[in-house]
Amino acid sequence: MGDHHHGPAKGLSRWLFTTNHKDIGTMYLWFSFAMFILGGFFAMIIRAELFQPGLQLVDPAFFNQMTTLHGLIMVFGAIMPSFVGLANWMIPMMIGAPDMALPRMNNWSFWILPPTFLLLASTLFMEGGAPAAGWTFYAPLSTTYAPPSVTYFIFCIHVLGLSSIMGSINIIATVMNMRAPGMTYMKMPLFVWTWLITAFLLVAVMPVLAGAVTMMLMDVHFGTSFFSAAGGGDPVLFQHVFWFFGHPEVYIIILPAFGVVSQIIPAFSRKPLFGYDSMVYATASIAFLSFIVWAHHMYTVGMPVAGELFFMYATMLIAVPTGVKVFNWITTMWRGALSFETPMLFCIGFLVLFTIGGFTGLMLSIAPADFQYHDSYFVVAHFHYVMVAGAVFSMSAAVYYWLPKWCGRMYNETMGKTHFWISFIGFNLTFFPQHFVGLAGMPRRIPDYALQFADFNMMSSIGAFIYGASQILFLYNVIATIVAGKPTSEEKVWDGAEGLEWTIPTPAPYHTFETPPKIDPAHAHS
Amino acid sequence: MTSQTSTEYAKYYVPEKSKLAVCATIGLVLSIFGAASIMNDMTFGDPGQETSSWTIFLLGLFFFIATLFNWFRITIKENIAGMNSAQLKKSYVLGMFWFIFSEVMFFFAFFGALFYVRVLVGPWLAGEGEGGRMNGLLWEGFSFSWPLMQTPQEAVGGAGAQLIANNGSFTSANTSLSFNDAHAWWAWLPLWNTLVLLSSSFTCHLAHMGILNGNRSKFNFWLAVTVLLGMIFLGLQYMEYHEAYVEYGLTLNAGIYGSTFFMLTGFHGFHVFMGMTMLLIQLLRSVVGKQFTADDHFGFEASSWYWHFVDVVWVFLFLFVYIL
Amino acid sequence: MCFEAKRLLKLALGPVLMLMSVVALASGGEASQVNMSPGATQVGERIYDLHMIILGICTIIGVLVFGVMFYSIIYHRKSKGFKPAHFHESTKVEIAWTVVPFLILIGMAVPATSTLLEIYDFEDAEMDILITGYQWKWKYEYINENGENVSFFSNLRTPQSEIYNSQPKGEHYLLEVDEPVVIPVDTKVRFLVTANDVIHSWWVPELAVKKDAIPGFINEAWTRASEEGIFRGQCAELCGKDHGFMPIVVNVVSKAEYNDWLAVKQAEAAEIKELMAQTFTMDELMERGEAVYARACLACHGANGEGGVGKAIAGSPIATGDLGTHLDVGINGVPGTAMQAFGGQLNDVEMAAVITYQRNAFGNNMGDTVQPIDVYNYKKG
Ligand code: HEA
Ligand code: HEA
Ligand code: CUA
Ligand SMILES: [Cu+2]
């Protein structure tokens, strides 16, 4: 009590009881990596089964559980928490705040996650197995036809939502209330901006997901008929409610990644970000549009043609603000003094592959063409391009970029670059051929397939093992850095980096900005 | 305690280590595990078998509520001890605002479901419009009107006569609770409910005026009236449910009308209960602890916002569930 | 589209298609299919064209964007001593790259809209087929104004031994059924798609039809095949355990052949109608019942009625109890369990036989028989 500059407590209680944004950020990051391994492990089972036609390893019911849990764990357990962890670490440091606005609640948002995912994973061992209706769990497969474990799943979703909402409220309050004097909105680093908007999306749509699973719960246990035509309801109602959440969800995944890329590209181009203002407006437009395009996942459910057209046009529009972002990044690189350390490599990988994924997204948005693409591997290829090469690549970039600041040690550059190149090759080998099988007519979520898809599936599986193995290198590199990396104490680890986080000592002290920093009014945003 | 020495900037209180989060998590996870197990016992279980689901649930819930209680107690103590800067208070304001916004979105999902079902699904099932042109093949004889007093299943002659399989059996209600079906306007409970709830919003405002003027007894009085009105509302709601179940056959099983009706009014009722509890706690704080001053009464303000929010939801409910 | 634009498209698509075919060739002896197929309908062709146009436009934009980026990566390197510029804003440029993509999108939306409107034109269909998705098979019902509906189920034909790799896989592995749908060529056929239990999706790429089968709702789709042939597809919506094992085979034949086929089917239906009115002996019922059991129940209730996914039939209180309850379970299923309602899947003869069988096999010696007329009456209530 009362003492001024104190370091962290020792032992387990430091982590259990902490209110420090850096500790909480660290826990989020490690937790999400653990979930990435678990979700990746499930993906490896999927790819191993799909290595050849025929059923070899798992039975179809278990395969569906793998697909379902892979999607759920990657989205809710790996990607979202990883960016929340990053937000926790970086936002207070980027806006000159002493900590997050509501530190105890911050800790709670985190600690809800591990036991909840444990409960979710434990459904695998329950009678009837884990939920197996896909990560989109369409009714009535997820209600009347679901195993009893669906009840646990529903409550898990409820509390995960609670965690996300509290986390987002915390971020919103921090950004709106804790900026150092002089840090106006239009001076905030883009990562802070993208997270502010993401947090808003989360607060808006997580409750809708809660509503969807609540209706499921009522249908399963209390005899209501929300998703049953016999009682006057409609299974498609579930899809509307789900995708009203689900589509903004995919931008929740990608917007913080946009933020990361917008920090890193200028640093290694040694040139300020091009079009800061338009980046902010573009992000806001994407967020706005994300609320009115949800039914592009449902072109084949039998909507009236007017609805079909509306959702098609609205979806296509998203290409405009996203294009603005891509063009701004490239113009930032244009005539910069580029260097290609690992974070930059991952950002360039992001740029190329995300754009390809965006193009296939645009193709999917064309309703009549989507009649052929829908629920085929073309869709699987699309969303792994935007989510793995988008979100996961940018997360890798972020870790390499800020790791030296976090722990005061430099990672091994050669190993980092190797990680990038193996990832890049493995990733493309896995997911590029999936475009082909998808176009040729292979449906998704099947444990076995017709012979004409065999070659590409084998390629894809090999690629997946390579990509998976490259993550071992990443894990090793990070641990080796923390334990025995080359110490560095330069404040500015990267010569081109801009922003408040680079003005504090390296490694970042346990408490930063107990006194708000002075923001140079003339200083441009980073 | 971390504090700042900056003179140009007020201290922002960053609490030290705290066990609250971990305790709250334990309570929460135990209670959801228990709740899920209870429901599974109910639906899939063997009625003769003893299970510990209720014990786990109640234990978890108790622990959770105790932790929350403690959490608020500590926060209040810190505030009274003067640790909270104006900036921290603003964080609380923002927190409460966005929390209420998330609640709005929760109700939005259910209202959305209601509109979708009423405007699109019903007519489609009855074979009207572009989306449902051919549905007459499945639900011959079903015609749509709202409130839905005959489910498609009953229109074709029950679960056995229906062409599609196992989706449960739905027995329609015989009377709806909408205004058109009321015996007489004065016997129509929702009207009284509306009056009760609207006036409670008003009394809540009077209480606020009281504390703003530093008039504690006025504050206590109007706050007590507000809580009382909340209780009356819940009592009336209970009567209404009883009437629905026992006299009108309007149950959760009564097809989509019963489903949406109970979902919307039920969750609203639960929120009234929460809001009332929050206000009750503020009342006790004022009466017993003599807390709150004219310029520092955030606990009450937050609860009152919540109360007004619950009230606004009711206005929409009244309009779309009972009248239109 | 004007000629120039078409050439540009081809030019841009060239490398992509080349890459595709190289990959395809490298990956196996004969080329695997890498692109969407235009299929056997006009709508399919329009969708294919649309697909190629968007792919082409995206490729062009991609080449431009990545071209600029790689130019920068190659020439604007720090290691080459390039000194960074400092510009970071230009409203003109921002406006340009907002407006130009917008115009490109409008260009795409126009053909997309007209194709969509064509797909949604259900007028003038010459025949209707009601398609119902079941876990995990399809039922086809040819709707006939005179009420002489022809209907049948279409199941996966690939044997378990091929799936579990104990036998070499046949050419149409997983894409073969016991009874294909037959439709006439050059005829606008309307499909009325629905489902019995969960959501399925009826997808035949070459007929350019994918429509979700929603339980309790009927969706419309149509096709007009312009060539004869056998077209294969699969269920495209996750529908539970065997979602990967419910293929679709459509046999497009000449109109004359179609009429012959239909006549045979109608005769079969008439025959069954006759059977319905008959009374069978215990032995006849047991013989038929055994076959039905093996086909419809065995998977869940076991070869010896010992149970599995379903409860045991041997010694079951229901199969050795009240006949009405047994019929009820068979016809209406047990809501909320895997035990489906078989009333719509088995005809009355089959139902009577299988119930009799269950009551008298596996050591259940009830000694009673069930006749088709009993089932008929039970269904009538
Ligand atoms: C990070 C996640 C993410 C992101 C960012 C996106 C981005 C986009 N997605 Fe994707 N999507 C998913 C995740 C994501 N998606 C997932 C998970 C699914 C499947 C869910 C499931 O069913 O399980 C899915 C499915 C999905 C579908 C449904 C497919 C189907 O099931 O049939 C559609 C259809 O419209 C779609 C469209 C789009 C579009 C138009 C974008 C746009 O935002 C892309 C915009 C970007 C660009 C277009 C590239 C850059 C732009 C330029 C260089 C400018 C110039 C370009 C032009 C003018 C062409 N997506
Ligand atoms: C952001 C989210 C995310 C991420 C990161 C991934 C990552 C991967 N996904 Fe994911 N995927 C989804 C989200 C994601 N996926 C979603 C939402 C679905 C839809 C689900 C549904 O249909 O409901 C899906 C579906 C899906 C399918 C289709 C399944 C089907 O339709 O049946 C496939 C198939 O190939 C697949 C593969 C992979 C692979 C190989 C990876 C790899 O990138 C994973 C690599 C990671 C690891 C392997 C773990 C770390 C590695 C180690 C610890 C080393 C040890 C490993 C080895 C030595 C091999 N995914
Ligand atoms: Cu039927 Cu998938
Ligand atoms: Cu989407």
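Residues numbered from 1 in each chain as written. Chains lettered and ligands numbered in written order. Predicted model: local features only at pLDDT ≥ 70, side-chain atom pairs only at ≥ 80, totals over all residues. Heavy atoms only, no water.

## Side note on the overall build of chain B
The following threshold applies: Strands are runs of DSSP state E lasting at least 2 residues, helices are runs of H or I lasting at least 4, and numbering of each runs from the N terminus. For every residue, the accessible area (1.4 Å probe, protein chains only) is compared with the maximum for its type, and the residue is labelled buried under 20%, exposed over 50%, or partly exposed between those bounds. Here a residue-residue contact requires only that any non-hydrogen atoms of the pair lie within 4.5 Å. Charge counting follows a simple rule: Lys and Arg are positive, Asp and Glu are negative, and His as well as the terminal groups are ignored. Lys charges are placed at NZ, Arg charges at CZ, Asp charges at CG and Glu charges at CD.
A count of helical and extended segments in chain B gives nine helices and zero strands. In sequence order, chain B lays out its α and β elements as α-α-α-α-α-α-α-α-α. For chain B, the C-alpha atoms occupy an extent of roughly 75 × 50 × 40 Å along the three principal directions. A total of 324 residues make up chain B; the buried ones form 50% of that total. A sequence separation of at least 24 residues applies to 67% of the contacts in chain B between residues at least 6 apart. In chain B, 13 side chains carry a positive charge and 19 a negative one; their mean positions are 21 Å apart.

## Focus: the overall build of chain A
Formally: What the globule rule says is 2.2 Å times the number of residues to the power 0.38, and the radius of gyration is computed from C-alpha atoms.
For chain A, the count of helices and strands is 15 helices and two strands. Its C-alpha atoms give chain A a radius of gyration of 23 Å, within 12% of the compact-globule value 24 Å for 526 residues. Taking the principal axes of its C-alpha atoms as reference, chain A extends roughly 65 × 50 × 45 Å. The 526 residues of chain A split such that 77% are buried. Sequence separation of 24 or more characterises 83% of the internal contacts of chain A that already satisfy a separation of 6 or more. Charged side chains of chain A number 19 positive and 24 negative; the gap between the two group centres comes to 12 Å.

## A few points about the coordination of the copper ion (ligand 4)
Residue and element names in this part refer to chain A. To be explicit about the condition: Sites may look incomplete, because water is not among the atoms used; the donor set itself consists of N, O and S atoms within 2.8 Å of the metal (3.2 Å for Na, K and Ca).
Protein coordination at the copper ion (ligand 4): the donors are His-247 (ND1), His-296 (NE2) and His-297 (NE2), at 1.8 to 2.1 Å from the metal. As a motif over one chain, the donors of the copper ion (ligand 4) read H-x48-H-H. Distance-wise, the iron atom of ligand 1 is placed 4.6 Å from the copper ion (ligand 4).

## Notes on the sheet that holds strand E10 (residues 247-253) of chain C
All names here are of chain C. Spelled out, the test is: Two strands form a pair only when DSSP identifies at least two bridges running between them. Angles here are taken between N-to-C directions and fall from 0 to 180 degrees, while the axes themselves are lines fitted to C-alpha atoms, restricted in helices to the stretch in contact.
Taken in spatial order, the five strands of this open sheet run E4-E10-E9-E6-E7, and their pairing is mixed. With one partner strand each, in any of the chains shown, strand E4 (181-184) and strand E7 (209-213) form the two edges of the open sheet. Adjacent strand axes in the sheet meet at a mean angle of 25° when their direction is disregarded. Across the sheet, helix H5 (residues 255-277) touches E4 and E10, and the angle it forms with E4 is around 135°.

## Considering the coordination of the iron atom of ligand 2
Residue and element names in this part refer to chain A. Quick reminder of the rule: A four-donor site is classed as tetrahedral when every donor-metal-donor angle falls between 85 and 135 degrees; four donors are called square planar, and six octahedral, when trans pairs exceed 155 degrees and all remaining angles lie between 65 and 115, with any other arrangement labelled irregular.
At this site the iron atom of ligand 2 is bound by His-70 (NE2) and His-384 (NE2), with donor distances of 2.0 Å. For the iron atom of ligand 2, the six donor atoms are set out with angles of 87 to 180° between them, so the coordination reads as octahedral. Separated by 314 residues along the polypeptide, His-70 in helix H3 (residues 60-95) and His-384 in helix H13 (residues 377-407) bring together distant segments of the chain. Since its relative accessible area comes to 15%, His-70 is described here as buried. Judged by its relative accessible area of 13%, His-384 falls in the buried class.

## Description of empty space enclosed by the protein
All names here are of chain A. Rules: A cavity here means a set of 1 Å grid points, computed over protein atoms only, where a 1.4 Å probe fits but cannot escape. A pocket is an open set with protein on both sides within 12 Å along at least 5 of 7 lines, and lining residues have an atom within 4 Å of a point. Grid points are joined across faces, edges and corners, and a volume is the space filled by probe spheres set on the points.
Within this structure, the stated rule accounts for eight cavities of 30 Å³ or more. Of the volumes computed, that of the largest cavity is approximately 190 Å³. If you trace the largest cavity, you find 21 residues lining it, with Met-80, Pro-81, Val-84, Ser-163 and Ser-164 closest to the centre. If you list the elements that add at least two residues to the lining of the largest cavity, you get H3, helix H4 (103-122), helix H5 (150-177), helix H6 (190-221) and helix H7 (235-269).

## Quick word on the site of ligand 1
The condition is simple: Here a residue is near a molecule or strand as soon as one of its heavy atoms is found within 4 Å of it. Counted as a polar contact is a pair of N or O atoms within 3.5 Å, where, for protein atoms, one must be capable of donating a hydrogen and the other of accepting one, and residues adjacent in sequence contribute only when both atoms are in side chains.
Surveying the vicinity of ligand 1 reveals 32 residues, the closest of which are Trp-135, Tyr-251, Asp-370, His-374 and His-382 of chain A. Residue neighbours of ligand 1 fall on chains A and C, so the site bridges chains. Asp-370 of chain A places a side-chain nitrogen or oxygen 2.6 Å from an oxygen atom of ligand 1. At the level of elements, H7, helix H10 (319-333), helix H11 (342-365) and H13 of chain A are the ones that each hand at least two residues to the shell around ligand 1. Looking at which element gives the most residues to the shell around ligand 1, the answer is H11 of chain A, with eight residues.

## A closer look at the nonpolar core
Cut-off, in case you're wondering: Here, nonpolar core means buried Ala, Val, Leu, Ile, Met, Phe, Trp, Tyr and Cys residues that are tied together by side-chain atoms lying within 4.5 Å of each other.
If you look at the biggest cluster of nonpolar residues, it comprises 388 residues, and the most contacted ones within it are Phe-76 of chain A together with Tyr-142 and Trp-202 of chain C. Excluding its chain neighbours within four sequence positions, the residues that come into contact with Phe-76 of chain A are Pro-81, Phe-117, Trp-135, Leu-160, Met-206, Leu-209, Phe-245 and Glu-249 of chain A.

## What about helix H3 (residues 86-125) of chain B?
Residue and element names in this part refer to chain B. The condition that has to hold: Helix span, expected: 1.5 Å multiplied by one less than the number of residues in the helix. The angle between axes fitted to the seven residues ending at a residue and the seven residues starting there is what we call the bend at that residue.
The terminal C-alpha atoms of H3, which comprises 40 residues, lie 57 Å apart, in line with the 58 Å expected from a rise of 1.5 Å per residue. The sharpest bend along H3 measures roughly 40° and falls at Val-117. Directly beyond the C-terminal end of H3, a positive phi value near 85° is found at Gly-127.

## Topic: the site of ligand 2
All names here are of chain A. Threshold: Charged residues are taken to be Asp, Glu, Lys and Arg, nonpolar residues to be Ala, Val, Leu, Ile, Met, Phe, Trp, Tyr, Cys and Pro, and polar residues to be all remaining types, Gly included.
Surveying the vicinity of ligand 2 reveals 32 residues, the closest of which are Arg-47, His-70, Trp-135, His-384 and Arg-445. In this structure, Gln-434 approaches ligand 2 through a side-chain N or O atom, which is 3.3 Å from an oxygen atom. Counting only elements with at least two residues in the shell around ligand 2, the list comes to helix H2 (21-49), H3, H13, helix H14 (413-439) and helix H15 (454-484). Each residue belonging to the shell around ligand 2 can be placed in one class, and the counts come to 20 nonpolar, nine polar and three charged.

## Re the packing of H7 of chain A against H3 of chain B
The cut-off we apply is this: By the definition used in this description, the sense in which the near helix is turned from the far one sets the handedness, with an anticlockwise turn below a right angle giving left-handed and a clockwise turn giving right-handed.
Direction vectors running N to C along H7 of chain A and H3 of chain B enclose 145°, while the axes themselves pass 11 Å from each other. As for how H7 of chain A packs across H3 of chain B, the hand of that crossing is right-handed. For the pair H7 of chain A and H3 of chain B, the contacting residues are Val-236, Leu-237, His-240, Val-241 and Phe-244 of chain A in the first and Met-105, Phe-108, Ala-109, Ala-113, Tyr-116 and Val-117 of chain B in the second. Within the contact of H7 of chain A with H3 of chain B, the residues separate by chemical class into ten nonpolar, one polar and no charged.

## Details of the packing of aromatic side chains
To keep it simple, the criterion reads: Any two of the Phe, Tyr and Trp rings considered here, Trp counted by its six-membered ring, make a pair once their centres fall within 6.5 Å; the pair's planes then place it as stacked at under 30 degrees, edge-to-face at over 60, or tilted in between. A ring is considered to have a charge above it if a Lys NZ or an Arg CZ atom is located within 6 Å of its centre and within 35 degrees of its normal.
Counting across every chain of the model gives 111 aromatic pairs over all chains. In this structure, Lys-271 of chain A is placed above the aromatic ring of Phe-87 of chain C, and the distance from its NZ or CZ to the ring centre is 3.8 Å. Here the guanidinium or amino end of Lys-210 of chain C rests over the ring plane of Trp-203 of chain C, the centre of that ring lying 3.8 Å away.

## Topic: the pairing of strand E8 (residues 219-223) of chain C
Look at any regular strand and the pattern is simple: side chains alternate between the two faces of the sheet. Residue and element names in this part refer to chain C. Within E8, five of the five residues are buried, which leaves the element mostly enclosed by the surrounding structure. Judged by which residues are buried, E8 turns out to be covered on both faces: Asn-219, Ala-221 and Thr-223 on one side and Glu-220 and Trp-222 on the other are all buried. Inspection of the sheet shows strand E5 (residues 189-195) paired to E8 by five bridges, in the antiparallel sense. The residue of E8 that forms the bridge with Phe-191 is Ala-221.

Honestly, that's just the spatial picture; any functional story needs more than this.
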